[in-house]
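Tertiary structure, described
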Amino acid sequence: MSGPSAGGSGGDEAAAEARNRRLWTVAIFLTMACTGAVMQVRGAVLPTLEGYFTVPEWQLGLVAPAGTVGYLLVILAVGSSAGRVDARRFIAGGAFLTAGALLAMGLSPSFPVFLAALVVQGGAVGVFRALDRPLLSHFYPSQRGRVYNRYDATWAVGAALGPLAVVLALRAGSWRLVYGAVGLAVLALAVVFQSLRSPAVESDEEPLTRSDLAELVRRPEVLALLAALFFVTGVEGGLFTWLPYYARAELPAGWAELTLTAMLVAYIPGRFACGALTDRLGPLTLLLGVLGLLVPAFAFTFFVADGLAVLGGVVAIGLLISGVFPTMMAYATDAVPEHSGPVNALASAVSSVSVGGVPAVMGVVVGGADAATAMRLLFVPVVAALGVVSLARVAQGRRDARAASGSTTGDD
(Lines give C-alpha, C1' and ligand atoms only; values in the text may rest on other atoms or scores of the structure.)
Protein backbone atom coordinates (compact mmCIF):
# COMPACT_ATOMS: atom_id res chain seq x y z
CA MET A 1 0.00 0.00 0.00
CA SER A 2 2.75 2.49 0.92
CA GLY A 3 4.45 2.22 -2.47
CA PRO A 4 1.40 3.09 -4.59
CA SER A 5 0.33 5.73 -2.13
CA ALA A 6 3.69 7.48 -2.31
CA GLY A 7 3.71 7.22 -6.09
CA GLY A 8 0.18 8.61 -6.27
CA SER A 9 1.12 11.50 -4.02
CA GLY A 10 4.12 12.28 -6.17
CA GLY A 11 1.99 12.07 -9.31
CA ASP A 12 -0.61 14.41 -7.81
CA GLU A 13 2.09 16.90 -6.87
CA ALA A 14 3.60 16.76 -10.37
CA ALA A 15 0.16 17.28 -11.92
CA ALA A 16 -0.48 20.25 -9.61
CA GLU A 17 2.85 21.81 -10.57
CA ALA A 18 2.13 21.29 -14.27
CA ARG A 19 -1.29 22.93 -13.87
CA ASN A 20 0.26 25.84 -11.96
CA ARG A 21 2.85 26.26 -14.72
CA ARG A 22 0.12 26.32 -17.39
CA LEU A 23 -1.84 28.95 -15.44
CA TRP A 24 1.27 31.10 -15.09
CA THR A 25 1.92 30.75 -18.82
CA VAL A 26 -1.61 31.77 -19.78
CA ALA A 27 -1.59 34.74 -17.41
CA ILE A 28 1.80 35.90 -18.71
CA PHE A 29 0.64 35.60 -22.32
CA LEU A 30 -2.57 37.56 -21.65
CA THR A 31 -0.65 40.31 -19.85
CA MET A 32 1.73 40.48 -22.79
CA ALA A 33 -1.26 41.00 -25.11
CA CYS A 34 -2.38 43.91 -22.92
CA THR A 35 1.16 45.34 -23.10
CA GLY A 36 1.06 45.24 -26.90
CA ALA A 37 -2.32 46.96 -26.93
CA VAL A 38 -1.12 49.73 -24.62
CA MET A 39 1.95 50.39 -26.78
CA GLN A 40 -0.07 50.83 -29.97
CA VAL A 41 -2.90 52.72 -28.23
CA ARG A 42 -0.33 55.36 -27.28
CA GLY A 43 0.27 56.43 -30.87
CA ALA A 44 -3.33 56.05 -32.01
CA VAL A 45 -4.66 58.30 -29.27
CA LEU A 46 -2.13 61.14 -29.77
CA PRO A 47 -4.23 63.21 -32.23
CA THR A 48 -7.16 63.08 -29.82
CA LEU A 49 -5.01 64.09 -26.84
CA GLU A 50 -3.70 67.09 -28.77
CA GLY A 51 -7.18 68.52 -29.15
CA TYR A 52 -8.56 67.35 -25.80
CA PHE A 53 -5.79 68.81 -23.63
CA THR A 54 -4.90 71.63 -26.09
CA VAL A 55 -1.17 70.96 -26.05
CA PRO A 56 1.46 71.82 -28.68
CA GLU A 57 3.10 69.12 -30.77
CA TRP A 58 6.41 69.36 -28.92
CA GLN A 59 4.67 68.28 -25.72
CA LEU A 60 3.06 65.36 -27.51
CA GLY A 61 6.59 64.32 -28.44
CA LEU A 62 7.23 63.68 -24.73
CA VAL A 63 4.85 60.71 -24.74
CA ALA A 64 7.35 58.22 -26.21
CA PRO A 65 10.28 59.04 -23.87
CA ALA A 66 7.94 59.24 -20.86
CA GLY A 67 6.83 55.69 -21.49
CA THR A 68 10.38 54.49 -22.07
CA VAL A 69 12.51 56.05 -19.35
CA GLY A 70 10.88 54.28 -16.40
CA TYR A 71 10.69 51.01 -18.29
CA LEU A 72 14.37 51.11 -19.23
CA LEU A 73 15.64 51.79 -15.71
CA VAL A 74 13.38 49.28 -13.98
CA ILE A 75 13.92 46.38 -16.38
CA LEU A 76 17.69 46.74 -16.03
CA ALA A 77 17.53 46.85 -12.22
CA VAL A 78 15.03 44.02 -11.76
CA GLY A 79 16.30 41.89 -14.64
CA SER A 80 19.87 41.87 -13.33
CA SER A 81 18.50 40.67 -9.96
CA ALA A 82 16.21 37.99 -11.39
CA GLY A 83 17.92 35.23 -9.39
CA ARG A 84 17.37 37.01 -6.08
CA VAL A 85 13.80 38.35 -6.15
CA ASP A 86 10.45 36.71 -5.45
CA ALA A 87 9.02 36.41 -8.98
CA ARG A 88 5.40 35.99 -7.86
CA ARG A 89 5.44 39.03 -5.60
CA PHE A 90 7.22 41.25 -8.11
CA ILE A 91 5.09 40.23 -11.10
CA ALA A 92 1.83 40.63 -9.18
CA GLY A 93 3.00 43.97 -7.79
CA GLY A 94 4.05 45.19 -11.23
CA ALA A 95 0.67 44.16 -12.67
CA PHE A 96 -1.26 45.96 -9.90
CA LEU A 97 0.85 49.10 -10.39
CA THR A 98 0.40 48.92 -14.18
CA ALA A 99 -3.37 48.66 -13.78
CA GLY A 100 -3.42 51.64 -11.42
CA ALA A 101 -1.31 53.74 -13.79
CA LEU A 102 -3.52 52.88 -16.78
CA LEU A 103 -6.66 53.82 -14.86
CA ALA A 104 -4.96 57.07 -13.78
CA MET A 105 -4.13 57.84 -17.44
CA GLY A 106 -7.78 57.34 -18.32
CA LEU A 107 -8.86 59.69 -15.53
CA SER A 108 -6.13 62.32 -16.03
CA PRO A 109 -7.47 65.88 -15.66
CA SER A 110 -4.46 67.38 -17.47
CA PHE A 111 -1.67 66.42 -19.82
CA PRO A 112 1.11 66.65 -17.16
CA VAL A 113 -0.83 64.18 -15.00
CA PHE A 114 -1.20 61.90 -18.03
CA LEU A 115 2.57 62.01 -18.63
CA ALA A 116 3.32 61.32 -14.95
CA ALA A 117 1.01 58.30 -14.99
CA LEU A 118 2.70 57.15 -18.20
CA VAL A 119 6.12 57.23 -16.52
CA VAL A 120 4.75 55.08 -13.68
CA GLN A 121 3.09 52.74 -16.15
CA GLY A 122 6.35 52.27 -18.07
CA GLY A 123 8.25 51.46 -14.89
CA ALA A 124 5.55 49.04 -13.72
CA VAL A 125 5.60 47.20 -17.05
CA GLY A 126 9.38 47.02 -16.68
CA VAL A 127 8.93 45.00 -13.46
CA PHE A 128 6.73 42.49 -15.26
CA ARG A 129 8.80 42.30 -18.45
CA ALA A 130 12.02 41.82 -16.47
CA LEU A 131 10.75 38.53 -15.06
CA ASP A 132 8.12 37.07 -17.40
CA ARG A 133 10.40 35.89 -20.21
CA PRO A 134 12.99 34.46 -17.78
CA LEU A 135 10.17 32.52 -16.09
CA LEU A 136 9.09 31.08 -19.43
CA SER A 137 12.73 30.24 -20.13
CA HIS A 138 12.88 28.11 -16.99
CA PHE A 139 9.37 26.67 -17.47
CA TYR A 140 10.26 25.33 -20.93
CA PRO A 141 14.07 25.04 -21.18
CA SER A 142 13.95 22.70 -24.18
CA GLN A 143 11.38 24.75 -26.14
CA ARG A 144 12.52 28.34 -25.79
CA GLY A 145 12.30 29.18 -29.49
CA ARG A 146 8.75 27.91 -29.80
CA VAL A 147 7.53 29.46 -26.54
CA TYR A 148 9.23 32.84 -27.08
CA ASN A 149 7.68 33.18 -30.53
CA ARG A 150 4.23 32.32 -29.20
CA TYR A 151 4.71 34.72 -26.31
CA ASP A 152 5.60 37.55 -28.68
CA ALA A 153 2.72 36.54 -30.98
CA THR A 154 0.33 37.43 -28.17
CA TRP A 155 1.96 40.86 -28.05
CA ALA A 156 1.19 41.20 -31.76
CA VAL A 157 -2.45 40.25 -31.16
CA GLY A 158 -2.79 43.01 -28.58
CA ALA A 159 -0.83 45.47 -30.71
CA ALA A 160 -3.08 44.86 -33.70
CA LEU A 161 -6.20 45.34 -31.57
CA GLY A 162 -4.93 48.48 -29.82
CA PRO A 163 -5.67 51.03 -32.59
CA LEU A 164 -9.05 49.36 -33.18
CA ALA A 165 -9.84 49.77 -29.49
CA VAL A 166 -9.13 53.50 -29.77
CA VAL A 167 -11.55 53.79 -32.71
CA LEU A 168 -14.25 51.95 -30.77
CA ALA A 169 -13.67 54.04 -27.64
CA LEU A 170 -13.96 57.29 -29.62
CA ARG A 171 -17.18 56.09 -31.23
CA ALA A 172 -18.49 55.20 -27.77
CA GLY A 173 -17.79 58.73 -26.59
CA SER A 174 -14.29 59.10 -25.11
CA TRP A 175 -10.66 58.03 -25.52
CA ARG A 176 -10.61 57.47 -21.76
CA LEU A 177 -12.63 54.28 -22.17
CA VAL A 178 -9.78 52.41 -23.82
CA TYR A 179 -7.42 53.04 -20.87
CA GLY A 180 -10.17 52.09 -18.45
CA ALA A 181 -10.83 48.81 -20.28
CA VAL A 182 -7.17 47.79 -20.52
CA GLY A 183 -6.56 48.91 -16.93
CA LEU A 184 -9.37 46.69 -15.65
CA ALA A 185 -8.09 43.77 -17.74
CA VAL A 186 -4.60 44.10 -16.24
CA LEU A 187 -6.12 44.47 -12.76
CA ALA A 188 -7.94 41.15 -13.22
CA LEU A 189 -4.67 39.52 -14.31
CA ALA A 190 -2.88 41.00 -11.28
CA VAL A 191 -5.44 39.27 -9.05
CA VAL A 192 -4.74 36.03 -10.91
CA PHE A 193 -0.98 36.36 -10.35
CA GLN A 194 -1.59 37.09 -6.68
CA SER A 195 -3.73 33.96 -6.31
CA LEU A 196 -1.33 31.56 -8.04
CA ARG A 197 1.27 29.53 -6.20
CA SER A 198 4.89 30.58 -6.64
CA PRO A 199 6.08 29.01 -9.88
CA ALA A 200 8.19 25.87 -9.84
CA VAL A 201 10.76 25.88 -12.65
CA GLU A 202 12.78 23.18 -14.37
CA SER A 203 16.03 25.16 -14.19
CA ASP A 204 17.30 27.85 -11.84
CA GLU A 205 18.32 31.48 -12.27
CA GLU A 206 21.72 32.18 -10.76
CA PRO A 207 22.53 35.52 -9.06
CA LEU A 208 24.67 37.78 -11.23
CA THR A 209 27.75 39.56 -9.91
CA ARG A 210 29.42 42.56 -11.51
CA SER A 211 32.23 40.43 -12.92
CA ASP A 212 29.67 37.94 -14.24
CA LEU A 213 27.91 40.78 -16.08
CA ALA A 214 31.10 41.79 -17.90
CA GLU A 215 31.73 38.18 -18.87
CA LEU A 216 28.11 37.78 -19.98
CA VAL A 217 28.25 40.79 -22.30
CA ARG A 218 31.44 39.45 -23.90
CA ARG A 219 29.87 36.11 -24.82
CA PRO A 220 29.57 35.87 -28.63
CA GLU A 221 25.92 34.78 -28.46
CA VAL A 222 24.97 37.78 -26.34
CA LEU A 223 26.98 40.18 -28.49
CA ALA A 224 25.22 38.83 -31.58
CA LEU A 225 21.86 39.19 -29.84
CA LEU A 226 22.43 42.82 -28.85
CA ALA A 227 23.82 43.84 -32.25
CA ALA A 228 21.08 42.12 -34.25
CA LEU A 229 18.30 43.48 -32.03
CA PHE A 230 19.71 47.00 -32.21
CA PHE A 231 19.31 46.93 -35.98
CA VAL A 232 16.04 44.99 -36.23
CA THR A 233 14.11 46.72 -33.45
CA GLY A 234 15.24 50.06 -34.84
CA VAL A 235 13.65 49.09 -38.15
CA GLU A 236 10.48 48.02 -36.32
CA GLY A 237 10.37 51.30 -34.40
CA GLY A 238 10.73 53.23 -37.64
CA LEU A 239 7.92 51.26 -39.25
CA PHE A 240 5.62 51.60 -36.23
CA THR A 241 6.10 55.36 -36.24
CA TRP A 242 6.39 56.40 -39.90
CA LEU A 243 4.72 53.69 -41.98
CA PRO A 244 1.22 55.25 -41.96
CA TYR A 245 2.72 58.65 -42.77
CA TYR A 246 4.64 57.17 -45.71
CA ALA A 247 1.62 55.20 -46.90
CA ARG A 248 -0.52 58.32 -47.27
CA ALA A 249 1.55 59.30 -50.31
CA GLU A 250 1.67 55.78 -51.76
CA LEU A 251 -1.80 54.28 -51.29
CA PRO A 252 -5.32 55.33 -52.28
CA ALA A 253 -7.38 57.23 -49.71
CA GLY A 254 -8.62 54.98 -46.95
CA TRP A 255 -5.90 52.36 -47.40
CA ALA A 256 -3.01 54.16 -45.72
CA GLU A 257 -4.48 53.72 -42.25
CA LEU A 258 -4.54 49.95 -42.76
CA THR A 259 -0.82 49.52 -43.39
CA LEU A 260 0.36 49.36 -39.78
CA THR A 261 -2.54 47.16 -38.72
CA ALA A 262 -1.86 44.82 -41.67
CA MET A 263 1.80 44.56 -40.70
CA LEU A 264 0.99 43.86 -37.05
CA VAL A 265 -1.61 41.24 -37.97
CA ALA A 266 1.05 39.54 -40.11
CA TYR A 267 3.23 39.28 -36.98
CA ILE A 268 0.83 36.69 -35.55
CA PRO A 269 1.21 33.89 -38.14
CA GLY A 270 4.85 34.91 -38.66
CA ARG A 271 5.72 34.29 -35.02
CA PHE A 272 3.76 31.06 -34.81
CA ALA A 273 5.55 29.82 -37.94
CA CYS A 274 8.97 30.75 -36.56
CA GLY A 275 8.09 29.06 -33.29
CA ALA A 276 7.29 25.84 -35.14
CA LEU A 277 10.41 25.99 -37.35
CA THR A 278 13.08 27.05 -34.87
CA ASP A 279 13.27 23.64 -33.16
CA ARG A 280 13.58 21.90 -36.53
CA LEU A 281 16.07 24.21 -38.24
CA GLY A 282 17.91 25.77 -35.33
CA PRO A 283 17.63 29.50 -34.51
CA LEU A 284 20.54 30.80 -36.59
CA THR A 285 19.64 28.81 -39.69
CA LEU A 286 16.05 30.03 -39.41
CA LEU A 287 17.19 33.63 -38.92
CA LEU A 288 19.47 33.47 -41.97
CA GLY A 289 16.50 32.38 -44.05
CA VAL A 290 14.15 34.98 -42.58
CA LEU A 291 16.56 37.90 -42.94
CA GLY A 292 17.69 36.65 -46.33
CA LEU A 293 14.09 36.94 -47.52
CA LEU A 294 13.49 40.20 -45.66
CA VAL A 295 16.19 42.05 -47.61
CA PRO A 296 14.50 41.64 -51.05
CA ALA A 297 11.03 42.10 -49.50
CA PHE A 298 12.15 45.42 -48.03
CA ALA A 299 13.83 46.49 -51.26
CA PHE A 300 10.71 45.68 -53.29
CA THR A 301 8.33 47.46 -50.90
CA PHE A 302 10.19 50.75 -50.58
CA PHE A 303 12.21 50.98 -53.80
CA VAL A 304 9.99 49.36 -56.44
CA ALA A 305 6.37 48.92 -55.37
CA ASP A 306 3.64 51.50 -55.72
CA GLY A 307 -0.09 51.54 -55.10
CA LEU A 308 -1.59 48.52 -53.36
CA ALA A 309 1.59 46.51 -54.01
CA VAL A 310 3.06 48.48 -51.10
CA LEU A 311 0.44 46.95 -48.80
CA GLY A 312 1.39 43.46 -49.98
CA GLY A 313 5.05 44.22 -49.34
CA VAL A 314 4.26 45.51 -45.85
CA VAL A 315 2.46 42.26 -45.03
CA ALA A 316 5.49 40.28 -46.23
CA ILE A 317 7.78 42.43 -44.07
CA GLY A 318 5.57 41.81 -41.03
CA LEU A 319 5.59 38.04 -41.60
CA LEU A 320 9.38 37.94 -41.87
CA ILE A 321 10.60 40.50 -39.34
CA SER A 322 8.20 39.26 -36.64
CA GLY A 323 10.27 36.22 -35.71
CA VAL A 324 13.69 37.86 -35.42
CA PHE A 325 13.40 39.23 -31.86
CA PRO A 326 12.02 36.10 -30.13
CA THR A 327 14.26 33.70 -32.07
CA MET A 328 17.41 35.72 -31.30
CA MET A 329 16.34 35.83 -27.65
CA ALA A 330 15.96 32.04 -27.60
CA TYR A 331 19.39 31.61 -29.24
CA ALA A 332 21.20 33.74 -26.66
CA THR A 333 19.26 32.37 -23.69
CA ASP A 334 20.05 28.79 -24.72
CA ALA A 335 23.74 29.71 -24.39
CA VAL A 336 23.39 31.09 -20.84
CA PRO A 337 20.09 29.74 -19.43
CA GLU A 338 21.20 30.43 -15.86
CA HIS A 339 21.25 34.18 -16.65
CA SER A 340 18.05 34.53 -18.67
CA GLY A 341 16.96 37.54 -16.60
CA PRO A 342 20.03 39.70 -17.36
CA VAL A 343 19.97 38.61 -21.03
CA ASN A 344 16.33 39.68 -21.23
CA ALA A 345 17.07 42.98 -19.49
CA LEU A 346 20.04 43.83 -21.73
CA ALA A 347 18.10 42.95 -24.89
CA SER A 348 15.09 44.99 -23.78
CA ALA A 349 17.28 47.98 -22.93
CA VAL A 350 19.05 47.92 -26.30
CA SER A 351 15.73 47.49 -28.08
CA SER A 352 14.17 50.41 -26.20
CA VAL A 353 17.02 52.73 -27.19
CA SER A 354 16.81 51.62 -30.83
CA VAL A 355 13.00 51.73 -31.03
CA GLY A 356 13.06 55.29 -29.70
CA GLY A 357 16.19 56.55 -31.45
CA VAL A 358 15.69 55.39 -35.04
CA PRO A 359 12.26 57.06 -35.47
CA ALA A 360 13.75 60.30 -34.15
CA VAL A 361 16.55 60.17 -36.75
CA MET A 362 13.96 59.38 -39.41
CA GLY A 363 11.99 62.43 -38.32
CA VAL A 364 14.99 64.61 -39.19
CA VAL A 365 15.23 62.92 -42.61
CA VAL A 366 11.50 63.37 -43.21
CA GLY A 367 11.81 67.05 -42.37
CA GLY A 368 14.83 67.55 -44.63
CA ALA A 369 13.73 65.31 -47.51
CA ASP A 370 10.62 63.12 -47.46
CA ALA A 371 9.15 59.97 -45.91
CA ALA A 372 10.19 57.78 -48.86
CA THR A 373 13.86 58.64 -48.30
CA ALA A 374 13.54 57.90 -44.60
CA MET A 375 11.93 54.50 -45.21
CA ARG A 376 14.58 53.55 -47.76
CA LEU A 377 17.32 54.29 -45.26
CA LEU A 378 15.94 51.47 -43.09
CA PHE A 379 17.30 49.08 -45.71
CA VAL A 380 20.77 49.65 -44.22
CA PRO A 381 20.04 48.19 -40.75
CA VAL A 382 18.13 45.29 -42.35
CA VAL A 383 21.26 44.32 -44.29
CA ALA A 384 23.40 44.93 -41.18
CA ALA A 385 21.22 42.51 -39.17
CA LEU A 386 21.70 39.86 -41.86
CA GLY A 387 25.46 40.45 -41.63
CA VAL A 388 25.45 40.01 -37.84
CA VAL A 389 23.50 36.75 -38.02
CA SER A 390 25.78 35.47 -40.81
CA LEU A 391 28.85 36.15 -38.67
CA ALA A 392 27.17 34.50 -35.68
CA ARG A 393 26.42 31.42 -37.79
CA VAL A 394 30.04 31.15 -38.94
CA ALA A 395 31.32 31.61 -35.39
CA GLN A 396 28.87 29.02 -34.06
CA GLY A 397 30.03 26.54 -36.70
CA ARG A 398 33.65 27.04 -35.63
CA ARG A 399 32.78 26.58 -31.95
CA ASP A 400 30.87 23.40 -32.76
CA ALA A 401 33.79 22.09 -34.83
CA ARG A 402 36.25 22.79 -31.99
CA ALA A 403 33.93 21.10 -29.51
CA ALA A 404 33.60 18.04 -31.77
CA SER A 405 37.38 17.92 -32.28
CA GLY A 406 37.96 18.10 -28.53
CA SER A 407 35.42 15.35 -27.92
CA THR A 408 37.08 13.12 -30.50
CA THR A 409 40.51 13.73 -28.98
CA GLY A 410 39.16 12.88 -25.56
CA ASP A 411 37.61 9.67 -26.85
CA ASP A 412 40.92 8.64 -28.44
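Computed from a predicted model, the values in this text were never measured in an experiment.

1. Some words on the overall build of the protein chain
- The helix and strand inventory of the protein chain stands at 17 helices and 0 strands.
- Relative to a compact globule of 412 residues, whose C-alpha radius of gyration would be 22 Å, the protein chain shows 22 Å and is just as compact.
- With respect to the principal axes defined by its C-alpha atoms, the protein chain has extents near 70 × 50 × 40 Å.
- Relative to its 412 residues, the protein chain shows a buried fraction of 49%.
- Considering only contacts within the protein chain whose residues lie at least 6 apart along the sequence, 85% involve residues at least 24 apart.
- Of the roughly 17,600 Å² of accessible surface on the protein chain, a fraction of 67% belongs to carbon and sulfur atoms.

2. Brief notes about the packing of aromatic side chains
- Under the definition given, this model contains 20 aromatic pairs.
- Here Phe 114 and Tyr 179 contribute two aromatic rings whose centre-to-centre distance is 5.8 Å and whose plane-to-plane angle is 80°, an arrangement assigned as edge-to-face. One end of the pair, Phe 114, is in helix H6 (residues 111–139); the other, Tyr 179, is in helix H8 (residues 176–195), and 65 residues separate them in sequence. For the pair Phe 114 and Tyr 179, one class covers both residues: buried.

3. So, a nonpolar patch on the surface
- Taken together, the side chains of Val 157, Leu 161, Leu 164, Val 167 and Leu 168 make up a nonpolar region of the molecular surface, amounting to roughly 410 Å² of accessible area.
- Mapped onto the fold, Val 167 is located in helix H7 (residues 144–172).

4. Looking at empty space enclosed by the protein
- Under the definition given, this model contains 1 cavity of 30 Å³ or more.
- As a volume, the largest cavity reaches approximately 90 Å³.
- Lining the largest cavity, in full, are Thr 31, Cys 34, Thr 35, Val 38, Ala 95, Thr 98, Leu 102, Gln 121, Val 125, Phe 128 and Val 186.
- For the lining of the largest cavity, the secondary-structure elements that each account for two or more residues are helix H1 (2–44), helix H5 (87–107) and H6.
- No other element matches the 4 residues that H1 contributes to the lining of the largest cavity.

5. Side note on the domain arrangement of the protein chain
- Entries for the protein chain in the domain assignment read domain 1 (18–204) and domain 2 (208–398).
- On a C-alpha basis, the centroid separation for the pair domain 1 and domain 2 is 21 Å.
- Between domain 1 and domain 2, the residue contacts involve 32 residues of the former and 36 residues of the latter.
- Overall, the association of domain 1 and domain 2 removes approximately 2,700 Å² of surface from exposure, summing both partners, and the carbon and sulfur fraction of that is 63%.
- Of all residues in domain 1, Arg 144, Arg 146 and Asn 149 bury the most surface against domain 2, accounting for 20% of the area lost on that side.
- Viewed at the interface, domain 2 and domain 1 are joined by 2 salt bridges.

6. A few points about the pattern of salt bridges
- As enumerated under the stated definition, the model contains 6 salt bridges in all.
- Between Asp 334 and Arg 144 there is a salt bridge, with its nearest N and O atoms 2.8 Å apart. Of the two residues, Asp 334 sits in helix H14 (residues 324–335) while Arg 144 sits in helix H7, which places them 190 residues apart along the sequence.
- Judged by its relative accessible area of 5%, Arg 144 is buried.
- As a salt-bridge pair, Arg 399 and Glu 221 come within 3.6 Å of each other at their nearest N and O atoms. A residue pair is termed long-range when its members are at least 10 positions apart, and Arg 399 in helix H17 (residues 379–411) and Glu 221 in helix H10 (residues 220–248) qualify at 178 residues.

7. What about the nonpolar core?
- Ranked by size, the top nonpolar core spans 119 residues in total, and within it Phe 193 and Met 328 carry the most contacts.
- The dominant element in this core, judged by the number of residues it contributes, is H10, at 14 residues.
- Looking at this core, you find at least three residues from each of domain 1 (18–204) and domain 2 (208–398).

8. Focus on the side chain of Arg 129
- Looking at where Arg 129 falls in the secondary structure, it is placed in helix H6.
- Asp 132 provides the closest opposite charge to the buried, salt-bridge-free Arg 129, at an N-O distance of 4.1 Å.
- Setting aside its immediate chain neighbours within four residues, Arg 129 contacts Met 32, Thr 35, Tyr 71, Ile 75, Tyr 151 and Asn 344.

How each quantity is defined
- Every chain's residues receive numbers from 1 upward, in the order its sequence appears when written.
- Predicted model: local features are reported for residues with pLDDT of at least 70 only, side-chain atom pairs are reported and counted for 80 or more only, and whole-chain, interface and lining totals are derived from all residues.
- Computation of side-chain values covers all heavy atoms of the structure but excludes hydrogens and water.
- Only runs of H or I of at least four residues qualify as helices and only runs of E of at least two qualify as strands under DSSP, and these elements are numbered from the N terminus.
- We compute the radius of gyration over the C-alpha atoms and compare it with the globule rule, which gives 2.2 Å times the number of residues raised to the power 0.38.
- Classification of residues uses two cut-offs on accessible area relative to the type maximum, computed with a 1.4 Å probe and protein chains only: under 20% is buried, over 50% is exposed, and between them is partly exposed.
- We call two residues in contact when some of their heavy atoms are within 4.5 Å.
- Per-residue and other accessible areas follow the Shrake-Rupley method at a 1.4 Å probe size, with only the shown protein chains counted as cover for residues.
- When two rings of Phe, Tyr or Trp (its six-membered ring) have centres within 6.5 Å they constitute a pair, described as stacked for plane angles under 30 degrees, edge-to-face for angles over 60, and tilted for the intermediate range.
- Residues with no salt bridge and a relative accessible area higher than 30% make up the patches, which join like charges within 9 Å and nonpolar side chains (Val, Leu, Ile, Met, Phe, Trp, Tyr) within 5 Å.
- Salt bridge, as applied in this entry: a Lys or Arg side-chain nitrogen positioned within 4 Å of an Asp or Glu carboxyl oxygen.
- Definitions used throughout: a 1 Å grid over protein atoms alone; a cavity as a set of points that fits a 1.4 Å probe which cannot get out; a pocket as an open set with protein on both sides within 12 Å along at least five of seven lines; a lining residue as one with an atom within 4 Å of a point.
- Grid points are joined across faces, edges and corners, and a volume is the space filled by probe spheres set on the points.
- What fixes the domain bounds is an automatic or database domain assignment.
- Joining two parts hides part of their accessible area as seen by a 1.4 Å probe, and the buried area is that hidden amount summed over both.
- Throughout, nonpolar core names a set of buried Ala, Val, Leu, Ile, Met, Phe, Trp, Tyr and Cys residues whose side chains join them through atoms within 4.5 Å.
- Here the positive residues are Lys and Arg and the negative ones are Asp and Glu; neither His nor the chain ends is included.

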